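One letter stands for each residue in the lines below.
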Amino acid sequence: MSVSVKIKDLEKSYDKVDALKNLNLEIRPNELFGFIGPDGSGKTTLFRILTTLILADKGTIKVGNYDVVKNYKEIRKITGYMPGRFSLYMDLTVEENLLFYARIFNVNIRDNLHLIDDIYSHISPFKNRRAGALSGGMKQKLALSCALIHKPDLLVLDEPTTGVDAVSRKEFWELLKKMQERGITILVSTPYMDEAALCDRVALMQTGRLMSVDKPQNIVDNFPENILNVKVRKMHPVLNDLLGFEGAERVYRFGDAIHLATRRDAGEMKERIYHYLAEKGYQEITISPLEPVIEDCFLALMENPDK
Amino acid sequence: MKTKETVIEVNNLVKKFGHFVANDNLTFHVNRGEILGFLGANGAGKTTAIRILTGLSKPTSGKVIVAGIDVNKNPEKVKRRIGYMSQRFSLYDDMTVRENFRFYGGVYGLTRKQIRERMRFYLKKLAMESYENMLLQNIPLGWKQKLAFSVANVHNPDIIFLDEPTGGVDPITRRQFWEMIYEVSDAGTTVFVTTHYMDEAEYCERVCIMSEGKIEAMDTPKALKEKYGAKNMNEVFIKIARNVE
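**Student:** Can you lay out the overall build of chain B for me, pointing to particular residues and giving the numbers?
**Tutor:** Looking only at helices and strands, chain B features nine helices and 10 strands. Radius of gyration (C-alpha) of chain B: 18 Å, near the 18 Å computed for a compact globule of 245 residues. Counting only C-alpha atoms, chain B reaches 50 × 40 × 35 Å along its principal axes. The proportion of buried residues among the 245 residues of chain B is 58%. Of all intrachain contacts in chain B linking residues separated by at least 6 positions in sequence, the fraction that spans at least 24 positions is 68%. About 10900 Å² of surface is accessible on chain B, with carbon and sulfur atoms providing 50% of the total.

As structure tokens, then:
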């Protein structure tokens, strides 16, 4: 059965540091919801409160009809949690880890093995290998298998793709989509901005606050600035030359190009930048308007958190 | 200054663990001041290669010259000429900024005066002068990583090794970090960097992609994109990794 997650007025601080500031958010049943933000944005704190491991200072979270404080035992039964650090037993084999988690949740591994077959089939050839000897991508698949063995309604994944290479990351997201088709509600956090596009909705987080919550495409569509993609033959010095360019809201490197954000007319800006760079002696200048990516939006929100 | 002078030269490097071949006959070189991106899937052999280049592990066979020194014969001498930082281990959390500078400066044989001067220089550049007596554990990750990079440079090394230095760092700080990389590279320090952010692969002058212990490709990002008919380095990476499977 799919469950919703309702977060109300949630606050948490450690010593003097506010980890979460007045969080309000509702996640729908069977949604694949992403929390996108760097280290220190509060993602892990939120997940630890949600999975009943720590208490909030203020506010509530409800998973379906269960309250994280009053009904913590029920929540634990219906939740699969994959913490940020690899948390399996390194000196147990792949199969032993899975058996251990099945036993903890009091489920029969044979009855439930079909539930994780999509994932476990990738690692079952290595079922007698110790978990500590697996590659990063395979460890993640084992951790996901263990989080799913008791057939949870809610899956909470804390940075499952951090430190994982681009190919394994892609595979991992394909697996998550398959899990979602079974009706599970999935909450996943990630520091990789490009993974936002793979979620139904995302929350962009920074220093304990939700800066924006929406479908990724809506965040991009509602972005109020035009992005110009600037390339020249010699990229390295061009960033400094474009910083502070009149009409530019911000200028950042994006892979092999520079994204210049502006509120002005893109055509007029393009013209001016072209002449400016040509005069400076740059060669092979190409400037083209570009649909913003989530990272453009994130950078804008970081600089102007009140907008 | 960037020059064509070779500062890392690897010839037929092989490293075996039992029957497992972690580095399978690697041959490559890196120039002074060059920024080399060292990419590969998890388990491709990157860490093994870095451990050999930094004198922490001995090759099974092959020749490795770093900063003009044969690593196999004189690993301790190599360590003085290189800097190292990673996401997992950089500075000591329970020491202050100043104590970290003093510790690492001391390890690299700098005098107290030199350490003080270098620390002032970096803290000023990072606009972190007021942080001198703060414990590292109270400093946000992004700033910590910029400090760690400065500390790894404290002895003006010939080469700096950066192992996933920007993992989990916010998008603004990640870009500031790369500006620091360009700066030391312009000054003649060779930068050897690993990352899982494929946009950062585009920032490198050359990229080396490892897979299953071998070097599958090594060239400029532009040349690699042309060769593999790819829009960006992410596509190049996925094509290479998938081909091998």
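**Student:** Describe in detail the nonpolar core, supporting the description with residues and values.
**Tutor:** In a soluble, globular protein the nonpolar side chains are often hidden away together inside. Counting 55 residues, the largest nonpolar core has Leu142, Leu144, Leu148, Leu155, Leu157 and Leu204 of chain A as its most contacted members. Mapped onto the domain boundaries, this core takes at least three residues apiece from domain 1 (5-216) and domain 2 (224-291) of chain A.

**Student:** Could you give an account of the layout of surface pockets, naming the residues involved and the relevant values?
**Tutor:** The computed volume of the second largest pocket comes to approximately 1300 Å³. Together, 42 residues line the second largest pocket, and Asp194 and Val293 of chain A together with Asp199, Asn232 and Asn234 of chain B are the ones closest to its centre. Contributions of two or more residues to the lining of the second largest pocket are made by helix H7 (166-181), helix H8 (216-221), strand E11 (226-231), strand E13 (257-262) and helix H11 (294-303) of chain A together with helix H7 (198-201) and helix H9 (233-244) of chain B. Take the lining of the second largest pocket: its biggest share by element is six residues, from H7 of chain A. Residues that form the lining of the second largest pocket fall into these classes: 20 nonpolar, seven polar and 15 charged. In terms of domain composition, the lining of the second largest pocket takes at least three residues from each of domain 1 (5-216) and domain 2 (224-291) of chain A.

**Student:** Which residues make up the environment of Arg250 of chain A, and what values go with them?
**Tutor:** Residue and element names in this part refer to chain A. With respect to the secondary-structure elements, Arg250 resides in strand E12 (residues 248-254). Note: C-alpha distance between Arg250 and Ala147 (103 residues apart in sequence) is 42 Å. Setting aside residues up to four positions removed in sequence, Arg250 forms contacts with Phe223, Glu225, His259, Leu260, Ala261, Leu299, Ala300, Glu303 and Asn304.

**Student:** Which residues make up the interface of chain A and chain B, and what are the values?
**Tutor:** Interfaces are often described in size by the accessible area the parts lose on coming together. Residue-level contacts link 29 residues of chain A with 29 residues of chain B. Here chain A packs against chain B, burying approximately 2500 Å² in sum over the two surfaces, 58% of which is carbon and sulfur. Area buried by chain A at its contact with chain B is led by Val167, His236 and Arg253 of chain A, which between them contribute 23% of it. Inspection of the chain A/chain B interface yields three salt bridges. Where Glu295 of chain A meets Arg175 of chain B, a salt bridge forms, and the shortest distance between an N and an O atom there is 2.9 Å.

**Student:** Break down helix H4 (residues 112-125) of chain B for me, with residues and values.
**Tutor:** Residues and elements named next belong to chain B. Between the first and last C-alpha of H4 there are 20 Å, a value that for 14 residues agrees with the 20 Å anticipated at 1.5 Å per step. Inspection of H4 places Ile115, Arg118, Met119, Tyr122 and Leu123 among the buried residues, and these make up the whole buried set. On an axial view of H4, the arc spanned by its buried residues comes to 130°, and they lie on one face. In this structure, H4 carries Lys113 and Lys124 as exposed residues pointing more than 90 degrees from its buried face. Among the structural elements, helix H3 (97-107) and helix H5 (141-152) are those in contact with the buried residues of H4. One or two positions beyond H4, positive phi appears at Ala127, with a value near 55°.

**Student:** Outline the pairing of strand E10 (residues 209-214) of chain A, supporting the account with residue identities and numerical values.
**Tutor:** All names here are of chain A. The pairing of strand E9 (residues 201-206) with E10 spans five bridges and is antiparallel. Bridge pairing in E10 places Gln206 opposite Arg209. The antiparallel hairpin formed by E9 and E10 contains two residues in its connecting segment, where Thr207 sits at a positive phi of about 40°.

**Student:** Requested: an account of the packing of H11 of chain A against helix H6 (residues 171-186) of chain B, with residues and values cited.
**Tutor:** At a closest axis distance of 9 Å, the pairing of H11 of chain A and H6 of chain B adopts a crossing angle of 95°. If you check the angle between H11 of chain A and H6 of chain B, you find them roughly perpendicular. Together, Glu295, Phe298, Leu299, Met302 and Glu303 of chain A of H11 of chain A and Pro171, Ile172, Arg174 and Arg175 of chain B of H6 of chain B make up the contact between the two elements.

**Student:** Got a sec to walk through the pattern of salt bridges? Specific residues and values, please.
**Tutor:** Residues and elements named next belong to chain A. Applying the stated criterion across every chain yields a total of 38 salt bridges over all chains. Among the salt bridges present, the one from Glu159 reaches Lys43, with a minimum N-O distance of 3.0 Å. Of this pair, Glu159 sits in the loop between strand E7 (154-157) and H7 while Lys43 sits in helix H1 (residues 43-50), and the two are 116 residues apart along the sequence. Under the relative-accessibility criterion, Glu159 is labelled buried at 12%. The partner of Asp118 in a salt bridge is Arg182, with the nearest N and O atoms 3.5 Å apart.

**Student:** Just give me the short version of the confidence of the model for chain B, but keep the residues and values in it.
**Tutor:** Mean pLDDT over chain B: 92, with 98% of residues reaching 70 or higher. Prediction confidence for the complex, expressed as pTM and ipTM, is 0.87 and 0.82 respectively.

**Student:** Please provide a residue-by-residue account of unusual backbone geometry, values included.
**Tutor:** With a phi angle near 45°, Asp9 of chain A is a residue other than glycine that sits in the positive phi range. Mapped onto the elements, Asp9 of chain A comes out in strand E1 (residues 5-14). For Asp9 of chain A, a relative accessible area of 28% translates into the label partly exposed. The phi torsion at Glu212 of chain B lies on the positive side, around 45°, for a residue other than glycine.

**Student:** How would you summarise the sheet that holds strand E5 (residues 69-70) of chain B if you had to cite specific residues and measurements?
**Tutor:** Pairing between sheet strands relies on hydrogen bonds along the backbone, with the strands arranged either parallel or antiparallel. All names here are of chain B. Ordered in space as E2-E1-E4-E5, the four strands form an open sheet in which the pairing is antiparallel. Of all strands in the sheet, those with a lone pairing partner are strand E2 (20-31) and E5, marking the two edges. Pairing between strand E1 (residues 6-17) and strand E4 (residues 61-66): five bridges, direction antiparallel. Bridge pairing links Ile8 to Val66 in E4.

**Student:** Describe the packing of aromatic side chains, listing the residues and the values that go with them.
**Tutor:** Residue and element names in this part refer to chain B. According to the stated counting rule, one finds 17 aromatic pairs over all chains in the structure shown. Ring centres of Tyr92 and Phe103 lie 5.4 Å apart, and the angle between their planes is 85°; this geometry places the pair in the edge-to-face category. One end of the pair, Tyr92, is in the loop between strand E6 (82-86) and H3; the other, Phe103, is in helix H3, with 11 residues separating them in the sequence. Judged by relative accessible area, Tyr92 falls into the partly exposed class, the value being 31%. Between the NZ or CZ atom of Arg174 and the centre of the ring of Tyr197, over which it lies, the distance is 3.9 Å.

What counts and what doesn't
Residues numbered from 1 in each chain as written. Chains lettered and ligands numbered in written order. Predicted model: local features only at pLDDT ≥ 70, side-chain atom pairs only at ≥ 80, totals over all residues. Heavy atoms only, no water. Helix = DSSP H or I, 4+ residues; strand = E, 2+ residues; numbered from the N terminus. Rg over C-alpha atoms; globule rule 2.2 N^0.38 Å. Buried < 20%, exposed > 50% of the residue type's maximum accessible area, 1.4 Å probe, protein only. Contact = heavy atoms within 4.5 Å. Areas by Shrake-Rupley, 256 points an atom, 1.4 Å probe, with all protein chains shown as cover. Core = buried A, V, L, I, M, F, W, Y, C linked by side-chain atoms within 4.5 Å. Domains from an automatic or database assignment. 1 Å grid on protein atoms, 1.4 Å probe; cavity = no way out; pocket = protein on both sides within 12 Å on 5 of 7 lines; lining within 4 Å. Points joined across faces, edges and corners; volume = space filled by probe spheres on them. Nonpolar A, V, L, I, M, F, W, Y, C, P; charged D, E, K, R; others polar. Buried area = accessible area lost by both parts, 1.4 Å probe. Salt bridge = Lys/Arg side-chain N within 4 Å of Asp/Glu carboxyl O. Expected span 1.5 Å × (residues − 1). Arc of directions from axis to C-beta. Pairing = 2+ DSSP bridges. Axes fitted to C-alpha atoms, helices over the stretch in contact; angles between N-to-C directions. Parallel < 35°, antiparallel > 145°, perpendicular 65-115°, else oblique. pLDDT = per-residue confidence, 0-100. Phe/Tyr/Trp six-rings, centres within 6.5 Å; stacked < 30°, edge-to-face > 60°. Lys NZ or Arg CZ within 6 Å of the ring centre and 35° of its normal.

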